[in-house]
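One-letter residues, chain by chain:
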Amino acid sequence: MTSYEKDYQRSLEDPEAFWAKAAEGISWNKTWDRVLNADNPPFYRWYEGAEMNTCFNCLDRHVEDGRGDQNALIYDSPMTGQVKSYSYRELTDIVARFAGALAGQGIKRGDRVLIYMPMVPEAAVAMLACARIGAIHSVVFGGFAPKELATRIDDAKPVAIIAASCGLEPGRTIAYKPLIDGAIDMSAHKPKSVIILQRPECEAEMTPGRDHDWRELEAAAAPVPCTPVLATDPLYILYTSGTTGVPKGVVRDNGGHAVALRWSMKHVYNINPGEVFWAASDVGWVVGHSYIVYAPLLHGCTTIMFEGKPVGTPDAGTFWRVIQDHKVKALFTAPTAFRAIRQQDPEGEFIAKYDFSDFDTLFLAGERADPDTIIWAQDQLKVPVIDHWWQTETGWAIGANCMGYGMKPVKLGSPTLPVPGYDIRIINEEDGKTEMKRGEIGVIAVKLPLPPGSLPTLWQNDEGFFKSYMADIPGYYKTGDAGYIDEDGYLFIMARTDDIINVAGHRLSTGGMEEVLASHRDVAECAVIGIQDKLKGQIPMGFVVLNAGVNRPAGEIEKELVALVREKIGPVAAFKIALIVKRLPKTRSGKILRGVMRKIADGEAYNAPATIDDPAILTEITEVLAAAGYPAK
Ligand code: COA
Ligand code: AMP
């Protein structure tokens, strides 16, 4: 047996011993009473009774251990032309002082703080400062609209919001303050204070009494030490798309998260303390939480905060410059970033201009890594390209080629093997319990308990947690993905089993978009599907049936629908195609045939189900799609 196989088996046979050993990597104020409390399945608690502080483990302990002068974080912003480094000592001091400022605002252990920040170092400072005082942060991605922010405010009920005055997208500056004011106007819950980091590109107007200037608060504050919290206390809530428009508040606890993430740095990514790790994502997504902020710092690495895009800031060579300038050992990004680079630099001319001597591995996740992209990246970069599979819910990889154990052969289209701790099974969708044979597609589930770091529940919604993940296959966590395991035990992740689509590595709910379209006064019914896109993997496409008697020009209504989704969900939805149709294809029981519509739009062969109400509707849909240029050439 290889060391991977031994560890994998150990992690399933005796999870408590396995994760007690991994927990030695973390500094505890008090060790646990029990490694795992499994008394109340499916609610499992790791390291029950233990006390620690995540910020201490990310910062102070490394200063104590002699890493004070090492870079903890490098901010590289082609958007503003800045590059700035923070040593562990500097970052600890800044975070301790800002934590003092938060405490000065009356924010205390257990309080929620919503963070709405672009990719600036202060985003990490805000997260770590919350962790330092035991407050629970909830970061919202900058591409979400006020309504989405308001939903999160009402669910998390934050005492404060920390935001920057603006975010920068190529060619436009997005003033954040009006979005926040709009969200607070809409929400029933009103946060007591709003802390604004003024950026010179667009300064925010402040609301007296409620709003505070970050720098002023910081200047007046004294640094505070870390507050020990229970390992089982929440560190953060991260909202992610669920099967309706209402996002799910994924809870991450402190202890299990710290253990799993630190362990993953060596075992999954083969990174050692002192090395440079770059996750080119955004702090608003789980990848940003786990691998821009927490894991690299827990492991004593240098992390990169990159404010830019893979292309256009200023060109398709920007990733290679960052790798060269900061001696990056491993880059983690979404395949879509590589598709964007390849589109602009198919021959890799930019790649040839940079020095890759420190670069070791490229990790891809967030969406299916298409073989074409992997092969191109391998050929161009001449390093292993490792696909790995994970979800907001787990917070770290479920399936990967765990590089710390030695690389396994890559099979294109597969994220390789289950990561230790994850007992992955392929379950028959029909009966929800029997296991599929090797090579047969089914629902991907993980036998409970999930390893440390995975969500213990949804924020104040145990019932939602149970219904969403645990009810359908008793004793298992339902991932929402379908796929199979081949004869060598390799995983293949094929599709979602729900209404989630993956647009440029961003997880979105088509159900959420349908709710928005349905709210338009002229819309009688609608359906949103995810169609294939060469750059973004998938993009949403909406079909609407208008109310009887509406006779305004179709183009006008379609534009309004596109604008409405942008206004209600945000630009990140990338909703640009709305098509008006006479009728939607349905089964006789009224179920909309979204799968068939998707196949027509993608130009795939399809079988109309025997239960279809009226097959002529499929011809109508095909004609509307053809007139709009789909299937795309
Ligand atoms: N704040 C405000 N708006 C944002 C935003 C933010 N933080 N992030 C994206 N947007 C906007 C974009 O400007 C775009 O607006 P537009 O419709 O006016 O053009 C819209 O949201 C859609 O964004 P996106 O789907 O990301 O498309 P893009 O054309 O801006 O960029 C890629 C395409 C592929 C370059 C980009 O998505 C990318 O780098 N993705 C890979 C990395 C990644 O983020 N992965 C996520 C998880 S690992
Ligand atoms: P998110 O919660 O945003 O990380 O999205 C998680 C979903 O993205 C998963 O359930 C998958 O559908 C998809 N996903 C993530 N990584 C991969 C991968 N490596 N291969 C295939 N799908 C992936």
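Residues numbered from 1 in each chain as written. Chains lettered and ligands numbered in written order. Predicted model: local features only at pLDDT ≥ 70, side-chain atom pairs only at ≥ 80, totals over all residues. Heavy atoms only, no water.

Chemist: If you had to explain the overall build of the chain to someone new, which residues and values would you point to?
Modeler: In terms of helices and strands, the chain carries 18 helices and 32 strands. For 633 residues, the compact-globule estimate of 2.2 N^0.38 gives 26 Å, and the C-alpha radius of gyration of the chain, at 24 Å, lies within 12% of that figure. Across its three principal axes, the chain shows a C-alpha extent of roughly 70 × 65 × 55 Å. When each of the 633 residues of the chain is scored for burial, the buried share is 59%. A sequence separation of at least 24 residues applies to 70% of the contacts in the chain between residues at least 6 apart. About 24,100 Å² of surface is accessible on the chain, with carbon and sulfur atoms providing 50% of the total. Once the 66 positive and 81 negative side-chain charges of the chain are each reduced to a mean point, those two points are 1 Å apart. (Helix = DSSP H or I, 4+ residues; strand = E, 2+ residues; numbered from the N terminus. Rg over C-alpha atoms; globule rule 2.2 N^0.38 Å. Buried < 20%, exposed > 50% of the residue type's maximum accessible area, 1.4 Å probe, protein only. Contact = heavy atoms within 4.5 Å. Areas by Shrake-Rupley, 256 points an atom, 1.4 Å probe, with all protein chains shown as cover. Lys, Arg positive; Asp, Glu negative; His and termini not counted. Charge placed at Lys NZ, Arg CZ, Asp CG, Glu CD.)

Chemist: Please give an account of the sheet that holds strand S21 (residues 389-390) that cites residues and values.
Modeler: Across the sheet, which stays open at both edges, the 3 strands sit in the order S21-S22-S23 with antiparallel pairing between neighbours. Sheet topology places S21 and strand S23 (417-418) at the edges, where each strand pairs with a single neighbour. Here strand S22 (residues 397-400) pairs with S23 via 2 bridges, running antiparallel. Along S23, the bridge assignment pairs Gly399 with Pro418. (Pairing = 2+ DSSP bridges.)

Chemist: Explain the environment of Tyr239 to me, and be specific about the residues and the numbers.
Modeler: As for its placement among the helices and strands, Tyr239 is situated in strand S14 (residues 234-240). Since its relative accessible area comes to 8%, Tyr239 is described here as buried. If we skip the residues at most four places from it in the chain, Tyr239 touches Ser138, Arg152, Asp155, Ala156, Pro247, Lys248, Gly249 and Trp459. Of the polar contacts made by the side chain of Tyr239, one reaches the backbone nitrogen of Ala156; its length is 3.3 Å. (Polar contact = N/O pair within 3.5 Å; in protein donor to acceptor, adjacent residues only side chain to side chain.)

Chemist: Quick one: what's the story with the site of ligand 2, residue by residue and with numbers?
Modeler: Contacts to ligand 2 come from 15 residues, most closely from His388, Thr392, Asp481, Arg496 and Arg507. The side chain of Gln391 places a nitrogen or oxygen atom 2.9 Å from an oxygen atom of ligand 2. Here Arg507 contributes a side-chain N or O atom positioned 2.7 Å from an oxygen atom of ligand 2. Bound to the protein, ligand 2 loses 92% of the 490 Å² it would expose on its own. Of all the secondary structure elements, the ones that give two or more residues to the shell around ligand 2 are S21 and strand S27 (491-496). Across the shell around ligand 2, the residue classes tally to 4 nonpolar, 5 polar and 6 charged. (Near = heavy atom within 4 Å. Nonpolar A, V, L, I, M, F, W, Y, C, P; charged D, E, K, R; others polar.)

Chemist: Lay out the packing of helix H5 (residues 121-133) against helix H10 (residues 286-298) in plain terms, naming residues and giving numbers.
Modeler: Contact geometry of H5 with H10 gives a least axis separation of 11 Å together with a crossing angle of 55°. In terms of their interaxial angle, H5 and H10 are classed as oblique. For the pair H5 and H10, the crossing hand works out as right-handed. Mapping the contact onto sequence places Ala124, Met127, Leu128 and Ala131 in H5 and His289, Val293, Tyr294 and Leu297 in H10. Per-class residue counts for the contact of H5 with H10 are 7 nonpolar, 1 polar and no charged. (Axes fitted to C-alpha atoms, helices over the stretch in contact; angles between N-to-C directions. Parallel < 35°, antiparallel > 145°, perpendicular 65-115°, else oblique. Left-handed = near helix turned anticlockwise from the far one by under 90°.)

Chemist: Quick one: what's the story with the UniProt feature "domain: Acetyl-coenzyme A synthetase N-terminal" (unreviewed entry) in the chain, residue by residue and with numbers?
Modeler: Here the UniProt-annotated "domain: Acetyl-coenzyme A synthetase N-terminal" (unreviewed entry) positions come out as residues 4-58. Each end of residues 4-58 is marked by a C-alpha atom, and these two atoms are 27 Å apart; helix forms 42% of the span and strand 27%. (UniProt positions renumbered as here; feature names shortened; annotations may be inferred.)

Chemist: So what about the packing of aromatic side chains? Which residues, and what values?
Modeler: According to the stated counting rule, one finds 39 aromatic pairs in the structure shown. Cluster of aromatic residues (ring-pair linked, three or more members): Tyr4, Tyr8, Phe18, Trp19, Trp263, Trp396, Tyr405 and Tyr422. The aromatic ring of Phe144 is capped on one face by Arg152, whose charged end is 4.7 Å from the ring centroid. Above the plane of the ring of Tyr490 lies Lys411, whose end atom (NZ or CZ) is 4.8 Å from the centre. (Phe/Tyr/Trp six-rings, centres within 6.5 Å; stacked < 30°, edge-to-face > 60°. Lys NZ or Arg CZ within 6 Å of the ring centre and 35° of its normal.)

Chemist: Residues and numbers for the sheet that holds S27, please.
Modeler: With antiparallel pairing, 4 strands are arranged side by side in an open sheet as S24-S25-S26-S27. This sheet does not close on itself; its edge strands, each paired only once, are strand S24 (423-427) and S27. Along the sheet, successive strands turn relative to each other by an average axial angle of 50°, direction set aside. Across 5 bridges, the pairing between strand S26 (residues 476-485) and S27 is antiparallel. In the sheet register, Tyr484 faces S27, and the bridge partner there is Phe492.

Chemist: So, the side chain of Ser87: which residues are in play, and what are the values?
Modeler: Relative to the helices and strands, Ser87 resides in strand S5 (residues 82-87). With relative accessibility at 9%, the residue Ser87 sits in the buried group. A distance of 3.3 Å separates a polar atom in the side chain of Ser87 from the backbone oxygen of Gly68. With near-sequence residues (within four places) excluded, Ser87 lies in contact with Gly68, Asp69, Gln70, Asn71 and Ala72.

Chemist: Got a sec to walk through the environment of Gly404? Specific residues and values, please.
Modeler: Locating Gly404 in the fold gives a position in the loop between S22 and S23. Looking at Gly404, the relative accessible area reads 30%, which means it is partly exposed. With 401 residues separating them along the chain, Gly404 and Ser3 place their C-alpha atoms 9.8 Å apart. Apart from the residues lying within four places of it in its own chain, the contact partners of Gly404 are Lys266, His267, Val268 and Asn270.

Chemist: So, the domain arrangement of the chain: which residues are in play, and what are the values?
Modeler: The domain architecture assigned to the chain consists of domain 1 (4-308 + 388-483) and domain 2 (504-627). Taking only C-alpha atoms, the centre of domain 1 and the centre of domain 2 are 34 Å apart. Facing 17 residues of domain 1, the contacting portion of domain 2 comprises 14 residues. When domain 1 packs against domain 2, the two sides together hide about 1,200 Å² of surface, and 51% of this comes from carbon and sulfur. It is Gly143, Ser241 and Trp285 that lose the most area in domain 1 upon contact with domain 2, and together they represent 33% of the buried surface on that side. (Domains from an automatic or database assignment. Buried area = accessible area lost by both parts, 1.4 Å probe.)

Chemist: Pulling in residues and values, what's your account of helix H1 (residues 3-13)?
Modeler: All of the buried residues along H1 are Tyr4, Asp7, Tyr8 and Ser11. One face of H1 carries all of its buried residues, which in axial projection span an arc of 100°. (Arc of directions from axis to C-beta.)

Chemist: A description of the site of ligand 1 should follow, citing residues and the corresponding values.
Modeler: For ligand 1, the set of nearby residues contains 24 residues, the closest of which are Glu169, Arg172, Lys536, Arg566 and Lys576. Contact between ligand 1 and Gly142: a nitrogen atom at 3.3 Å from a main-chain N or O atom of the residue. One nitrogen or oxygen atom from the main chain of Gly143 is found 3.4 Å from a nitrogen atom belonging to ligand 1. At the level of elements, strand S10 (172-175) and helix H12 (335-344) are the ones that each hand at least two residues to the shell around ligand 1. Residues that form the shell around ligand 1 fall into these classes: 11 nonpolar, 7 polar and 6 charged. Looking at the shell around ligand 1, you find at least three residues from each of domain 1 (4-308 + 388-483) and domain 2 (504-627).

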